[in-house]
Amino acid sequence: MPVFGQAWLESALRKRAASDPRAADLWRTIENAAVETAEGAHFAEARVESARLLWHSERRTDAIVLSEMLSRTPDHPLVEKTARALIAARRNGIWANTQENAWALSALVRYFRAREAVVPDFEATAWLGTQVAFSQPFRGRDGTVAEGRVSMADLIAGGDTDLV
């Protein structure tokens with residue numbers, strides 16, 4: 001059974017009876033299919049010929065597993081890495097086909113709602129040694145990009161200090 005099928009089956013078993021040991025076994029199998037790198041994580045599928053008929057793709061599987069992982073264990077260590085890899089898999093802002101687009105967007109909306117529930121309200125400050133080099137408030141979600149600059153003269157004058 002492909003990994004995405006195992007994810008759906010695990011979800012159904014867990015919803016039917018949370019203590020069903022088959023759900024835990026399936027989840028362990030899904031976790032074992034995870035391939036982690038420094039940049040992200042994805043879930044490797046064994047070659048399943050019939051999965052092609054089900055609009056199978058690796059990104060679709062990653063999105064389905066991410067969505068189920070958020071339902072099951074929102075603080076799972078693979079959530080962040082899987083979301084990051086899913087976003088990085090886009091080419092020219094889109095995934096490879098409509099199935100990948102639909103499943104990825106659905107999973108990332110669920111990720112956003114789980115992880116980004118708090119509206120930003122903070123001030124970011126960059127320090128060069130003991131001096132404030134740049135400060136920018138972030139209020140709400142407006143997509144503003146903040147950019148600060150430190151002149152080479154200030155860097156040299158700072159000597160052997162940290163930029164934090």
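Below is a short write-up of the structure.

Thresholds applied
- Residues numbered from 1 in each chain as written.
- Predicted model: local features only at pLDDT ≥ 70, side-chain atom pairs only at ≥ 80, totals over all residues.
- Heavy atoms only, no water.
- Helix = DSSP H or I, 4+ residues; strand = E, 2+ residues; numbered from the N terminus.
- Rg over C-alpha atoms; globule rule 2.2 N^0.38 Å.
- Buried < 20%, exposed > 50% of the residue type's maximum accessible area, 1.4 Å probe, protein only.
- Contact = heavy atoms within 4.5 Å.
- Pairing = 2+ DSSP bridges.
- Patch = residues over 30% accessible without salt bridge, like charges linked within 9 Å, V, L, I, M, F, W, Y side chains within 5 Å.
- Areas by Shrake-Rupley, 256 points an atom, 1.4 Å probe, with all protein chains shown as cover.
- Salt bridge = Lys/Arg side-chain N within 4 Å of Asp/Glu carboxyl O.
- Phe/Tyr/Trp six-rings, centres within 6.5 Å; stacked < 30°, edge-to-face > 60°.
- Lys NZ or Arg CZ within 6 Å of the ring centre and 35° of its normal.
- Lys, Arg positive; Asp, Glu negative; His and termini not counted.
- Polar contact = N/O pair within 3.5 Å; in protein donor to acceptor, adjacent residues only side chain to side chain.

## Some remarks on the overall build of the chain
- If you tally the helices and strands in the chain, you get six helices and four strands.
- Scanning the chain from its N terminus toward the C terminus, one meets helices and strands in the order α-α-β-β-α-α-α-β-β-α.
- Taken over C-alpha atoms, the radius of gyration comes to 21 Å for the chain, far larger than the 15 Å a tight globule of 164 residues would show.
- The proportion of buried residues among the 164 residues of the chain is 29%.
- Pairs at least 24 residues apart make up 51% of the contacts formed inside the chain by residues separated by at least 6 positions.

## A word on the pairing of strand E4 (residues 131-139)
- Note that strand E3 (residues 121-128) and E4 share eight bridges and pair antiparallel. Looking at E4, one finds that Asp121 is bridged to Arg139.
- Where E3 folds back on E4, the antiparallel hairpin that results is connected by two residues, among which Gly129 adopts a positive phi of roughly 65°.

## What about a nonpolar patch on the surface?
- A contiguous nonpolar patch, built from Val150, Met152, Leu155, Ile156 and Leu163 and spanning about 480 Å² of accessible area, is present on the exposed surface.
- Within the element layout of this structure, Val150 appears in the loop between E4 and helix H6 (152-158).
- Judged by its relative accessible area of 30%, Val150 is partly exposed.

## Some points on the pattern of salt bridges
- Counted under the stated rule, the structure contains twelve salt bridges.
- Between Asp62 and Arg59 there is a salt bridge, and its shortest N-O distance comes to 3.0 Å. With Asp62 and Arg59 both in helix H3 (residues 58-72) and three residues apart, this pair spans about one turn of that helix.
- According to the relative accessible area criterion, Asp62 is buried, its value standing at 1%.

## Topic: the environment of Leu66
- Within the element layout of this structure, Leu66 appears in helix H3.
- The buried category is assigned to Leu66, whose relative accessible area is 0%.
- A C-alpha to C-alpha distance of 36 Å links Leu66 and Leu163, two positions 97 residues apart in sequence.
- The contact partners of Leu66, leaving out residues within four places of it in the chain, are Val79, Thr82, Ala83, Leu86, Ala107 and Leu108.

## Thoughts on the packing of aromatic side chains
- Summed over the entire model, instances satisfying the criterion amount to three aromatic pairs.
- Judged by centre distance (5.4 Å) and plane angle (80°), the rings of Phe4 and Trp8 are edge-to-face. Of the two residues, Phe4 and Trp8 are both situated in helix H1 (residues 3-16); the distance of four residues between them amounts to about one turn of the helix.
- Classification of Phe4 by relative accessible area gives buried; the value is 3%.
- Since its relative accessible area comes to 34%, Trp8 is described here as partly exposed.
- Following the ring pairs from residue to residue traces out a cluster consisting of Phe4, Trp8 and Trp103.
- Sitting above the plane of the Phe4 ring, Arg60 keeps its charged end 4.8 Å from the centroid.
- In this structure, Arg90 packs its charged tip against the face of Trp95, placed 5.9 Å from the ring centre.

## Section: the side chain of Glu100
- As for its position among the elements, Glu100 is in helix H5 (residues 98-115).
- Look at Glu100: it is buried, it has no salt bridge, and the nearest opposite charge is Arg59 at 6.1 Å.
- A polar contact of 2.7 Å, which involves the side chain of Glu100, links it to the side chain of Ser57.
- When sequence neighbours within four positions are dropped, the list of residues in contact with Glu100 reads Ser57, Arg59, Arg60 and Trp95.

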